[in-house]
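# Coordinate inspection notes
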Amino acid sequence: MKLAEVVTGGLGSFSHISLGQGQEKAAMGLLNNALRQGYWLMLQNAHLLISFVRQLEKYLEKVEAPHPDFRLWITTDPTPTFPIGILQKSLKVVTEPPNGLKLNLRSTFFKIRQDRLEACSHIAYRPLVYVLAFFHAVVQERRKYDKLGWNICYDFNESDFNVCLEILISYLLKAPPGDTTRVPWNSLKYLIGEVMYGGRVIDDFDRRVTNTYMNEYMGDFLFDKFQPFHFYRDESVDYFIPEDDIILKEDYIAHIDELPLVNSPDVFGLHPNAEIGYYTQATRTIWFYLIQLQPQTGEASGGISRDDFIDNVAADILHKLPQAFEVWRIKKQLAMTMTPTGVVLVQELDRFNLLVLRMKRTLDLLRKAIAGEIGMDNVLDNIANSLFNGMLPDNWRKLAPATCKQLGSWLEHLQQMHYTNKMPRQTHANINANININTRSQTLWRKLSRLNALRQ
């Protein structure tokens, strides 16, 4: 909107609509007017109405002489079904969430209008806006620490902050403007920590975290002149509330710019070792994309082509692939003496067979596709790329126990699973004696099932 106001000289030639069910006719009407009169049109949330976007793609191909000032903007979340034709004809602009407490805090204040900072004359208003923005940045940044940050990843967004800002204005307008002791702290902490942000939180321990932040960040101690409040302070950095006389948004942004770009987990109340997992996951992600960016055509190692390399890998896996278990024979032997751990073992063998059979079927189809006997679909193409890059294909990962192993070590692990769970054709007594040993493997699909079986 700011760009349209600068380029077109106002918002009179700018229109927008949020796509959703039943908005097709209204969107097409705005599009026709924009094409004739040279308006800027923004279609928001296109991922919610992909069927209309496909119709839009065909409609735009028939447009011959649009107005020279016409511009079409489309906003969407990442979705695999978005029409490729529109992407190829468009200029793509990607917005990524800010990474780091400083950038997140700066992004929040950059979106606040100056009139919002002057919406209330209470002495505690602007400091509490900064406290709210800091809290908003903290709860978002905790997500990068995975389970150490939140037990469940929550989608805290800008609307949560904006609604809490309205609540803050509403309550402070009713409080005496010069008295910070009359601020309804309990109501604010409940509405912000329990209703707005806490409304997204469904885990009890995560809710306890939000309540702890509210108790640490909101109270009369924020305005104690004898013991100034600090969000966090050590020898190198100090996170504190700006002075009361700061009014302009630019001054707040200048204060934020003085903060360090990289912050330690101590700022969030976490142990310093919490970032070990974050950096490990970030490194894995970087290497994954680096592998994906390597050339996918031409000759591979050893002077052979990519297709020959993939075909050799597929043939080698088929040669080493374990045979499926004869589960019916094991069920027959255990029929009269079936125990809960025996049931778990049979279930694990069934899941193992599903995985092995899928691997054999997809590898056979892949070799036929490489030879040109059948067509290559998306599933086979993903398996081919994974084999070439030494990664575990997604089609196999869906049926396998959760793992972070690469393809080579995972195949060795699979052979170990087969050896561990392999049951000789012995007497009932020997088989039952081996059940606990075989189900003790760390490769179980459902580990809780074995624990429940042991309890029974």
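On to the packing of aromatic side chains, then. All chains considered together, the criterion is met by 25 aromatic pairs. Between Tyr 154 and Phe 156 the ring centres are 5.9 Å apart and the planes differ by 50 degrees, which places this aromatic pair in the tilted class. Among the residues examined, Tyr 154 registers a relative accessible area of 4% and is labelled buried. Positioned above the aromatic ring of Phe 388 is the side chain of Arg 306, whose terminal nitrogen or guanidinium carbon lies 5.0 Å from the ring centre.

The end-to-end C-alpha separation of helix α16 (residues 378–389) is 16 Å, in line with the 16 Å expected for 12 residues at 1.5 Å each. If you check which residues of α16 are buried, you get Leu 380, Ile 383, Ala 384, Ser 386, Leu 387, Phe 388 and Asn 389. Remark: Gly 390 follows α16 within two positions and exhibits a positive phi of approximately 75 degrees.

Another aspect to go through is the side chain of His 136. One can find His 136 in helix α7 (residues 125–141). Apart from residues no more than four positions distant in its own chain, His 136 is found in contact with Asn 104, Thr 108, Asn 157, Glu 158, Phe 161 and Tyr 197.

All told, the structure shown has 11 salt bridges when counted by the stated rule. For Asp 115, the salt bridge goes to Arg 113, with nearest N and O atoms at 3.2 Å. Between Glu 166 and Arg 116 there is a salt bridge, with the nearest N and O atoms lying 2.3 Å from each other. Taken together, the residues span a long stretch of sequence, with Glu 166 in helix α8 (residues 158–174) and Arg 116 in helix α6 (residues 114–117) at a distance of 50 residues. Since its relative accessible area comes to 43%, Glu 166 is described here as partly exposed.

Below, the discussion takes up a nonpolar patch on the surface. Judged by side-chain polarity, Leu 3, Val 6, Val 7 and Trp 73 come together as a nonpolar surface patch covering roughly 400 Å² of accessible area. If you tally residues by element for the nonpolar patch, the top one is helix α1 (residues 2–8), at 3 residues. Tracing the chain through its elements places Val 7 in helix α1.

Quick look at the nonpolar core now. Core analysis: the biggest nonpolar cluster contains 59 residues, and Phe 109, Tyr 130, Phe 134, Tyr 197, Tyr 217, Phe 231 and Tyr 239 have the highest contact counts within it. Elements with a contribution of two residues or more to this core: α5 (101–111), α7, α8, α9 (185–196), α10 (204–217), β4 (230–233), α11 (249–257) and α12 (274–292). In terms of residues, this core owes the most to one element, α7, which gives 12 residues. Apart from the residues within four sequence positions on either side, Tyr 239 is in contact with Leu 101, Phe 134, His 230, Phe 231, Tyr 232, Leu 259, Pro 260, Asn 263 and Val 267. Residues Val 327, Ile 330, Leu 363 and Leu 387 belong to the second largest nonpolar core, which totals 31 residues.

A few words now on the sheet that holds strand β3 (residues 71–74). Pairing between the strands of a sheet is mediated by backbone hydrogen bonds and can be parallel or antiparallel. Pairing within the open sheet is parallel, and its 3 strands lie in the order β1-β2-β3. Where the open sheet ends on each side, the last strands, each with one partner, are β1 (14–18) and β3. Within this sheet the neighbouring strands show an average axis-to-axis angle of 15 degrees, counted without direction. Two elements, strand β2 (residues 40–44) and β3, share 4 bridges in a ladder whose sense is parallel.

With that out of the way, let us pick up the environment of Thr 210. Turning to its location among the elements, Thr 210 is positioned in helix α10. Sequence separation of Thr 210 and Val 139 is 71 residues, and the distance between their C-alpha atoms is 8.0 Å. Every residue in contact with Thr 210, bar those within four places of it in the chain, is listed here: Phe 135, Trp 150, Gly 193 and Val 201.

So, on to the pairing of β4. With 3 bridges joining them, β4 and strand β5 (residues 238–240) adopt antiparallel strand pairing. Looking at β5, one finds that Arg 233 is bridged to Asp 238. Linkage of β4 to β5, two consecutive antiparallel strands, is achieved through a turn of 4 residues.

As a further point, take the side chain of Asp 311. Counting through the fold element by element, Asp 311 comes out in helix α13 (residues 306–320). If near-sequence neighbours (up to four positions away) are discounted, Asp 311 is found in contact with Arg 367 and Ile 370.

What counts as what
The residue count restarts for each chain, going from 1 along the sequence in the order it is written. The model is predicted, so local features are restricted to residues of pLDDT at least 70 and side-chain atom pairs to those at 80 or more, both for listing and for counting; the totals for chains, interfaces and linings are taken over all residues. Water and hydrogen atoms were dropped before computing side-chain values, which therefore reflect all heavy atoms in the structure. We call Phe, Tyr and Trp rings a pair once their centres come within 6.5 Å, taking the six-membered ring for Trp, and we label the pair stacked below 30 degrees between planes, edge-to-face above 60, and tilted otherwise. With a 1.4 Å probe rolled over the protein chains alone, any residue whose accessible area is under 20% of its type maximum counts as buried; one over 50% counts as exposed, and the rest are partly exposed. Two conditions define a charge sitting above a ring: the NZ of Lys or the CZ of Arg must be within 6 Å of the ring centre, and it must be within 35 degrees of the ring normal. Counting from the N terminus, the helices are the DSSP runs of H or I reaching at least four residues and the strands are the DSSP runs of E reaching at least two. In this analysis, the expected span of each helix is defined as 1.5 Å times one less than the number of residues it contains. By the convention used here, residues are in contact when the closest approach between their heavy atoms is within 4.5 Å. The term salt bridge refers to a pairing of a side-chain nitrogen on Lys or Arg with a carboxyl oxygen on Asp or Glu at a separation within 4 Å. By definition, no residue in a patch forms a salt bridge, and every one has over 30% relative accessible area; like charges are joined within 9 Å, nonpolar side chains (Val, Leu, Ile, Met, Phe, Trp, Tyr) within 5 Å. Working definition of accessibility: Shrake-Rupley area with a 1.4 Å probe, residue cover restricted to the visible protein chains. Nonpolar cores are built from buried Ala, Val, Leu, Ile, Met, Phe, Trp, Tyr and Cys residues. Side-chain atoms within 4.5 Å join them into one set. Only when DSSP finds a minimum of two bridges between them are two strands counted as paired. Between N-to-C directions, angles cover 0 to 180 degrees, with each direction set by a line fitted to C-alpha atoms, over the stretch in contact for helices.

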